[in-house]
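Summary of structural features
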Amino acid sequence: MTKESKVIELEEVAIRFSGDSGDGMQLTGTLFSDATALVGNDFSTFPDYPSEIRAPQGTVGGVSGFQVHFGKNKINTPGDKAHVLVAMNPAAIKANAKFLMPSATIIYDSDSFTEKNFQKAKFATNDPFTELGLIDFTKIGVPITSLTKEALIDSDMDNKAVLRSKNMLALGLVSWIFNRPLEIIEEALAAKFGKNPTVLQSNIDVLHAGYNYGMNMEHETPQYLVPSGEIEKGIYRNISGNQATAWGFIAAAEKAGIELFLGSYPITPATDILHTLSERKDLGVKTFQAEDEIAGICSAIGASYAGALGITTTSGPGLALKSEAIGLAVMAELPLVVVDVQRGGPSTGLPTKTEQSDLMQSLWGRSGESPVVVLAASSPSDCFHYAYMASKIAIERMTPVILLTDGFLGNGSEPWKIPSMADMPPITKRMAVSQETYKPYRRPDNTLAREWAIPGMEGFEHRIGGLEKDENGAVSHVPENHQLMCELRAEKVARCVDFVPNLETKGCTEGDVLIVGWGGTFGHLVSATRDLNLLGKKVGLAHFNYINPLPANTADVFSKYKKIVVCELNLGQFVSYLRYMLPQFKYLQYNKIQGMPFAVEDIKENVLKILED
Amino acid sequence: MSEFVYDAKDFKSSTEVRWCPGCGDHAILNAIQRAMASLGNKISDYAIISGIGCSSRFPYYMNTFGFHTIHGRASAIASGVKSANPKLHVWQITGDGDALAIGGNHFIHLVRRNIDINVILFNNKIYGLTKGQYSPTTDRGFKTKSSPFGTVEDPFVPGQLVLGARGTFFARAIDGNLKMSQEIFVEAAGHKGTSIVEVLQNCVIFNSGIHEEITKGDNREDKQIYLKHGEKMIFGVNKDKGIVFEQGKLKAVTIGADGYTLDDILVHDAKEQTTYLHSALIDMALPELPVAFGVIRAVEAPVYDQAMAEQIHQVQEKRKISCVDELLRSGNTWEV
């Protein structure tokens, strides 16, 4: 079969699947990613969906999208703009028009181009492409709905059930366009619908119908060739940030030889961590779906008091509710990890959208002098590492740790080279050993971390609590003791710098501009840095995973550049922190607060402007 | 059961007890220490969890593991302790403000889950530690510092809250009756599931005498009934009064008068699953009826912490994944 001029070779491609929130776009995107992994491409994904479960059909507000960016080389982001848009209705075209590359390909369900759907999407005319100015684009109308019906003509499913398979028609077609094998998709479908053979078969039939349609209509549909690249050898899997976070905790508990206990209340976009851990009864994980956010953290503190690794997972508004209890864990000096999968705020804000605006809340959002360790993961897969490290620090230093991820990391996914537990760093519990010398707040000179004596340990009976104590664990209102204890707690957290690796810059190790970022923006910032370096610009990137304490060499790194620009998805929280911690430097800032990740292009533009100034 | 022999003083910590002289808490502390000594459990297996308030200072006075936590959250923290380690004997000490106002949500959910925790709820119908505001159990119209013209709200009846939350154990005791309190605490400890013991407690500073109508006077036995499972509901100074069920209501009668005989008197059944008689017993109030003490309800039901452990056990018996290395390699993986 010849493809002639229709084969487009690209190093990387971004596809956006888009439709009604009930159209199954998230599943379609996930299955396509799985197939993509198998052909040896790196990838990054980003789901973008409304907070309503089933928003009004056909409206722009109800559009749910899933972007997959894949390619030959390392893929750092889900892509600013898509090369290919799969749109299940006119509203999906409208919602995504501004996220398309110039001259992108738009594959749309031509059956959905009806008067009613144009009205629902608030188009003034019957020509959405002209209306949106999408002129020089390759537009491929595919009768997705009728092809689906035709493929299932012999099935005894009702019309509604038949239409639910529309997404598989689109997936089959896109799989042909991008040369993805159907086998892996079929396996995944079998795992999902195995209990319902009728549904499974109909999905597979429609999938093949879509694939065959592409093949038969090759004169109309372009085919893309994305070669596989050089990837480090190993066993890989696709993993989302929330799944990686959950598994990082299980790994840490196993390494430390203690039970993992999650106390949590469902909240978008953190809930998948609760789901993932609830599935792991086989590994002895205890999950407690609490009556509220406060009970979530309090049950975790209780579990830590009893000798488990207590963790709680939430998003911004939930972190606010947990503040008082985090203060208790600071005072009681118990191991505890609090995960905040950040979303747009304040208040309910943008529940399904990403943001980095809980940094200040994490650092200082409690009563009293209440220091905690703050970490931030920077890619879906490294959530595993930082959940593990957060647990290690909490257990070894008897302190609460806040781990910041965000909606972009939590829901996004990428291939991950699976580590071996033998290679993970050891985690040593600070169990009390001598009844004779045990005192609740006795601390070794080096780490200042108290010992852990848990109920059931004979001879170690003692009382702790939220009231200020002296070293012996007795309630103390002595002024000098309070000052001493406040300073000791602060110093204990400061000494967690022992765990913090030195900051390593990407790009130029010295030069004109240092881009500074933290957490989930790494992919976009590193891509921008790479592009700027390719343009010959002397730009470096310092990306932070350890927020408190900061890496010991931070000032050294900062001093090697003429200008520093701190880029973050808020109005300037990390930059304010840096101005407070390292006031000797002058900081520029670049902020975006739209519930969306950075666009690589925007960062580049901004840095180029700084270079000119 | 009694492998460990203790005396009540073995449960006393060296910390000086700093409740006000004459406070009802002293007697409750004594009764709990005696009850624990009689139970024969290992001291180091006790974890006493409290929230905030006068009563919540309790853990400091016990020679066990203790955790004095934050306002209202003791139920949630105790839930975590017991779920993480079901072998521990977890007791929660709380007051009417801590458990029923700021901690009301956690309280009802603890009861609903039926986690095996013994909750001792000190009810003095007032806020003591913040110096005299009304509480969620303060009677309507009562004048306090924050209700100088009397409250305009009705109180919770703790026992009704327990029934409403599908509680499996509710008992009522009174601080001044050490022997009765001790007996009830022992029964609460033996119950599998959440045991709620409301102890009517006297705040000598801000609400002194609040329970006097029930506790004072030579005829106080006419005003109280100590219910025991399987025994007739008999009370009174001369043990000649009883409770009968008539026209859908409970009624106090004198045995031998008005045609009532011993056979008419109800037998207390704490193990009855339905709640309506338990509800009526909880509601009994002066002057028509005596106030009920003792274990009013003690029914069997699945226990959360055991069910949680059992579910894990069942899954693990059939598990395909037994360590993290296997987990990471499960499902869709590919080799490069």
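In this text the structure is predicted, and so the values were computed from the model without any measurement. (Residues numbered from 1 in each chain as written. Chains lettered and ligands numbered in written order. Predicted model: local features only at pLDDT ≥ 70, side-chain atom pairs only at ≥ 80, totals over all residues. Heavy atoms only, no water.)

1. Concerning the overall build of chain A
Scanning chain A for helices and strands turns up 21 helices and 23 strands. A compact globule built from 613 residues would reach a C-alpha radius of gyration of about 25 Å, and chain A, at 26 Å, matches this within 12%. Its C-alpha atoms give chain A principal-axis dimensions of about 85 × 60 × 45 Å. Buried residues in chain A amount to 62% of all 613 residues. At a minimum sequence separation of 6, the contacts of chain A that also span at least 24 residues come to 76%. Total accessible area on chain A is roughly 22,800 Å²; 52% of this is exposed by carbon and sulfur atoms. (Helix = DSSP H or I, 4+ residues; strand = E, 2+ residues; numbered from the N terminus. Rg over C-alpha atoms; globule rule 2.2 N^0.38 Å. Buried < 20%, exposed > 50% of the residue type's maximum accessible area, 1.4 Å probe, protein only. Contact = heavy atoms within 4.5 Å. Areas by Shrake-Rupley, 256 points an atom, 1.4 Å probe, with all protein chains shown as cover.)

2. Points about a nonpolar patch on the surface
Residue and element names in this part refer to chain A. On the surface, a nonpolar cluster with roughly 360 Å² of combined accessible area is contributed by Trp364, Tyr580 and Met581. Within the secondary structure, Trp364 is located in helix α14 (residues 359–364). Overall, the relative accessible area of 44% leaves Trp364 in the partly exposed class. (Patch = residues over 30% accessible without salt bridge, like charges linked within 9 Å, V, L, I, M, F, W, Y side chains within 5 Å. Salt bridge = Lys/Arg side-chain N within 4 Å of Asp/Glu carboxyl O.)

3. Regarding the domain arrangement of chain A
Residue and element names in this part refer to chain A. One can read the domain layout of chain A as domain 1 (7–225), domain 2 (237–423) and domain 3 (505–612). In this structure, domain 2 and domain 3 have C-alpha centres spaced 26 Å apart. Contacts between the two partners involve 28 residues from domain 2 and, on the opposite side, 25 residues from domain 3. Contact with domain 3 buries surface across domain 2, with Gln356, Leu359 and Ser378 losing the most and accounting together for 30% of the total. Along the contact surface separating domain 2 from domain 3 lie 0 salt bridges. Our count for the domain 2 to domain 3 interface comes out at 14 residue pairs in polar contact (both at pLDDT 80 or more). Broken down by secondary-structure element, the contributors of at least two residues to the side of domain 2 that touches domain 3 are α14, β14 (373–376), α15 (382–397), β15 (400–406) and α16 (407–411). Looking at the side of domain 2 that touches domain 3 element by element, the count peaks at 5 residues for α15. Residues of the side of domain 2 that touches domain 3, tallied by class, amount to 17 nonpolar, 6 polar and 5 charged. (Domains from an automatic or database assignment. Buried area = accessible area lost by both parts, 1.4 Å probe. Polar contact = N/O pair within 3.5 Å; in protein donor to acceptor, adjacent residues only side chain to side chain. Nonpolar A, V, L, I, M, F, W, Y, C, P; charged D, E, K, R; others polar.)

4. What about the nonpolar core?
Residues and elements named next belong to chain A. Judged by nonpolar contacts, the single largest core of 166 residues is most densely connected at Phe558 and Phe574. A total of 10 residues in this core trace back to one element, the largest contributor, which is α15. Residues lining this core come from more than one domain, with at least three contributed by each of domain 2 (237–423) and domain 3 (505–612). Leaving out residues up to four positions away in the same chain, Phe574 has contacts with Leu359, Val516, Gly517, Trp518, Phe544, Ile547, Leu550, Val566 and Glu568. Formed by 48 residues, the second largest nonpolar core is a distinct cluster that contains Val13, Leu173, Val174 and Ile185. (Core = buried A, V, L, I, M, F, W, Y, C linked by side-chain atoms within 4.5 Å.)

5. A closer look at the sheet that holds strand β9 (residues 235–240) of chain A
Here 3 strands make up an open sheet; going across it, the order is β16(A)-β9(A)-β12(B) and the pairing antiparallel. Strand pairing shows two members of the sheet lacking a second neighbour, β16 (413–417) of chain A together with β12 (333–335) of chain B, which therefore form its edges. Strand-to-strand, the axes of this sheet are offset by a mean angle of 35°, without reference to chain direction. In this sheet, β16 of chain A lies alongside β9 of chain A in antiparallel orientation, the contact comprising 5 bridges. Across the sheet, Ser240 of chain A pairs through a bridge with Ser413 of chain A, a residue of β16 of chain A. (Pairing = 2+ DSSP bridges. Axes fitted to C-alpha atoms, helices over the stretch in contact; angles between N-to-C directions.)

6. Structural notes on the environment of His106 of chain B
Inspection of the secondary structure puts His106 of chain B in helix α4 (residues 104–113). Note on His106 of chain B: relative accessible area 1%, which makes it buried. Put simply, His106 of chain B and Ile174 of chain B are 68 residues apart on the chain and 24 Å apart in space, counted from C-alpha to C-alpha. Each residue touching His106 of chain B, except ones within four places of it in the same chain, is listed here: Glu291, Asp292, Ile294 and Ala295 of chain A together with Gly72, Arg73, Ser75 and Ala76 of chain B. Of note is the side chain of His106 of chain B, whose polar atom sits 3.0 Å from the side chain of Arg73 of chain B.

7. Concerning the confidence of the model for chain B
Of the residues in chain B, 99% have a pLDDT of 70 or more, and the chain-wide mean is 96. Prediction confidence for the complex, expressed as pTM and ipTM, is 0.92 and 0.97 respectively. (pLDDT = per-residue confidence, 0-100.)

8. Looking at the packing of helix α8 (residues 183–193) of chain A against helix α9 (residues 197–216) of chain A
Residue and element names in this part refer to chain A. Running from N to C, α8 and α9 point in directions that differ by 160°, and their axes come no closer than 9 Å. As summarised for this structure, α8 and α9 are arranged roughly antiparallel, according to the angle between their axes. Where α8 crosses over α9, the two elements pack in a sense that is right-handed. Between α8, through Ile185, Glu186, Leu189, Ala190 and Phe193, and α9, the contact on the second element is made entirely by Pro197, Val199, Leu200, Asn203, Ile204, Leu207 and His208. Its residues placed into classes, the contact of α8 with α9 shows 9 nonpolar, 2 polar and 1 charged. (Parallel < 35°, antiparallel > 145°, perpendicular 65-115°, else oblique. Left-handed = near helix turned anticlockwise from the far one by under 90°.)

9. A word on the side chain of Thr313 of chain A
All names here are of chain A. On the secondary structure map, Thr313 appears in strand β12 (residues 309–314). Engagement of the side chain of Thr313 in a polar contact is seen with the side chain of Ser264, the distance being 2.9 Å. With near-sequence residues (within four places) excluded, Thr313 lies in contact with Leu262, Gly263, Ser264, Tyr265, Ile273, Glu293, Lys322 and Val339.

10. A few points about the packing of helix α12 (residues 293–305) of chain A against helix α13 (residues 316–332) of chain A
Residues and elements named next belong to chain A. For the pair α12 and α13, the least separation of the axes is 8 Å and the interaxial angle reads 30°. Considering the angle they form, α12 stands roughly parallel to α13. Where α12 crosses over α13, the two elements pack in a sense that is right-handed. Facing Glu293, Ile294, Gly296, Ile297, Cys298 and Ile301 of α12, the residues of α13 in contact are Gly318, Leu321, Lys322, Ala325, Ile326, Leu328 and Ala329.

11. A word on the layout of surface pockets
Residue and element names in this part refer to chain A. What the second largest pocket holds in volume is close to 860 Å³. Looking at the lining of the second largest pocket, the elements with two or more residues in it are α15, α16, β16, α18 (522–534) and β20 (539–544). At 4 residues, α15 tops the list of elements feeding residues into the lining of the second largest pocket. Residues that form the lining of the second largest pocket fall into these classes: 17 nonpolar, 12 polar and 5 charged. (1 Å grid on protein atoms, 1.4 Å probe; cavity = no way out; pocket = protein on both sides within 12 Å on 5 of 7 lines; lining within 4 Å. Points joined across faces, edges and corners; volume = space filled by probe spheres on them.)

12. What to know about helix α2 (residues 74–84) of chain B
Counting buried residues along α2 of chain B, 11 of its 11 residues qualify, which places the element largely inside the surrounding structure. Buried within α2 of chain B are the following residues: Ala74, Ser75, Ala76, Ile77, Ala78, Ser79, Gly80, Val81, Lys82, Ser83 and Ala84 of chain B.

13. Notes on the sheet that holds strand β23 (residues 587–591) of chain A
Residues and elements named next belong to chain A. Ordered in space as β18-β20-β19-β22-β23, the 5 strands form an open sheet in which the pairing is mixed. Lying at the two open borders of the sheet, with one neighbouring strand each, are β18 (506–507) and β23. Here strand β19 (residues 511–518) runs beside β20; their pairing, made up of 6 bridges, is parallel. Bridge pairing in β20 places Leu514 opposite Gly540.

14. Section: empty space enclosed by the protein
Going through the model one piece at a time under the given rule, you end up with 4 cavities of 30 Å³ or more. Along its surface, the largest cavity is lined by Asp34, Ile184 and Asn238 of chain A together with Asn332, Thr333 and Trp334 of chain B. Among the residues making up the lining of the largest cavity, the classes are represented as 2 nonpolar, 3 polar and 1 charged.

15. Re the packing of aromatic side chains
Residues and elements named next belong to chain A. Inspection of the entire model under this criterion finds 33 aromatic pairs over all chains. For the ring pair Phe46 and Phe408, a centre distance of 5.3 Å and an interplane angle of 55° mean the geometry is tilted. Within this pair, whereas Phe46 is found in strand β3 (residues 42–48), its partner Phe408 is found in helix α16, the two being separated by 362 residues in sequence. Comparing Phe46 with Phe408, the two get one shared label, buried. In this structure, Lys94 is placed above the aromatic ring of Phe123, and the distance from its NZ or CZ to the ring centre is 4.8 Å. Its end group placed over the ring of Tyr441, Arg450 keeps NZ or CZ at 5.3 Å from the ring centre. (Phe/Tyr/Trp six-rings, centres within 6.5 Å; stacked < 30°, edge-to-face > 60°. Lys NZ or Arg CZ within 6 Å of the ring centre and 35° of its normal.)

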